[in-house]
Amino acid sequence: AERVGYPVMVKAAAGGGGKGMRIVRGPGELSDVLKIAAHEAERAFADGTLYLERYLENPRHVEVQIVADRRGGIVHLGERDCTVQQNHQKLVEESPSPVVTPELRARMGADAVRLLSGVGYTGAGTVEFLVKDGAHFFMEVNARVQVEHPVTEMVTGIDIIRQQLLAAGGEPLEVDQ
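The next thing to look at is the nonpolar core. The biggest cluster of nonpolar side chains holds 15 residues, and the ones touching the most others in it are Val64, Ile66, Ile74, Met108, Ala112, Leu116 and Phe129. For this core, the secondary structure elements donating two or more residues are β4 (60-68), α2 (102-118) and β8 (123-132). Examining the composition of this core, we find that five residues originate from one element, α2, more than from any other. In this structure, Met108 is in contact with Val62, Val64, Val100, Phe129, Val131 and His136, ignoring residues within four places of it in sequence. Counting residues in hydrophobic clusters, the runner-up holds seven residues, among them Val67, Leu77, Ile158 and Leu173.

What follows is about the pattern of salt bridges. Any two side chains of opposite charge can pair if their charged atoms end up close together. Throughout the structure, instances matching the rule amount to twelve salt bridges. Between Arg60 and Asp81 there is a salt bridge, with its nearest N and O atoms 3.0 Å apart. With Arg60 in strand β4 and Asp81 in strand β5 (residues 74-81), the pair connects residues that are 21 residues apart, well separated along the chain. Given a relative accessible area of 2%, Asp81 falls into the buried group. We note a salt bridge from Glu63 to Lys90, for which the minimum N-O separation is 2.2 Å. With Glu63 in strand β4 and Lys90 in strand β7 (residues 89-90), the pair connects residues that are 27 residues apart, well separated along the chain. On the basis of relative accessible area, Lys90 is assigned to the partly exposed category, the value being 28%. Each member of the salt-bridge network shares a partner with another, and the members are Glu63, Arg80, Lys90, Glu93, Glu128 and Glu148.

Once that is clear, we can look at unusual backbone geometry. Residue Tyr6 is joined to Pro7 through a cis peptide bond whose omega torsion reads 0°. Residue position: Pro7 is located in the segment before β1 (8-12). The peptide bond linking Ser95 to Pro96 adopts the cis configuration, its omega dihedral lying at 0°. When you line up the elements, Pro96 lands in the loop between β7 and α2. Unlike most non-glycine residues, Ala46 shows phi in positive territory, near 60°. By the element assignment, Ala46 lies in the loop between α1 (27-45) and β3 (50-54). The class of Ala46 is exposed, set by a relative accessible area of 63%.

Moving on, we get to α2. Given a rise of 1.5 Å per residue, 17 residues ought to cover 24 Å, and the 24 Å separating the end C-alpha atoms of α2 matches this to within 8%. Of the surrounding elements, those touching the buried residues of α2 are β4, β5, β8 and β9 (135-142). After α2 finishes, the residue Gly120 shows a positive phi value of roughly 70°.

Cut-offs and rules
Along each chain, residue indices are assigned from 1 in the same order as the chain's sequence is written. Under the rules for a predicted model, residues below a pLDDT of 70 receive no local features and side-chain atom pairs below 80 are neither given nor counted, while totals for whole chains, interfaces and linings still include all residues. Excluding hydrogens and water, the side-chain values take into account all heavy atoms of the structure. To qualify as a nonpolar core, a set must consist of buried Ala, Val, Leu, Ile, Met, Phe, Trp, Tyr and Cys residues joined through side-chain atoms within 4.5 Å. Only protein chains enter the calculation, and the probe is 1.4 Å; a residue is then buried if its accessible area is under 20% of its type maximum, exposed if over 50%, and partly exposed in between. Helix and strand assignments follow DSSP, with helices taken as H or I runs no shorter than four residues and strands as E runs no shorter than two, numbered in order from the N terminus. Whether two residues touch is decided by their heavy atoms; if any such pair falls within 4.5 Å, the residues are in contact. Each reported salt bridge corresponds to a side-chain nitrogen of Lys or Arg within 4 Å of a carboxyl oxygen of Asp or Glu. The length a helix should cover is 1.5 Å for every residue beyond the first.

Here it is, written out as structure tokens:
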């Protein structure tokens, strides 16, 4: 926490859905928050392992949808802004994001493609970022189709499930960047 700098976010390593997440604004809070978050993570996920990350005040939560085949074809399908949340659960998905410029979209898309290309990813997935003051910060990868993928399908006209099935069968994607 001292190296990252306060405030920090404590997160459950095995978690999701906001369980085991706590903000720590200073060193005097850290010990108590770690105990509470570990207990909550243990109850929710049978694993009390935690990690820390930099906490950004009031960022936008922006996801980049990707599809990738086994032949090296990988494309990003733009972004969904899911900043409107309650208890770390998404309530509204908006595409395109009202705060993402064409330049930022290109940078985020390129970073998402580079990340998943680098690990040989195949199928549909989502790379999540926090966006603040024109900069984007990697948050996580959802290596699956998310329930909100139809938002991207509606905006792009691309059937993400079809592309995922083609990729799983060893076929090339029907779309390119």
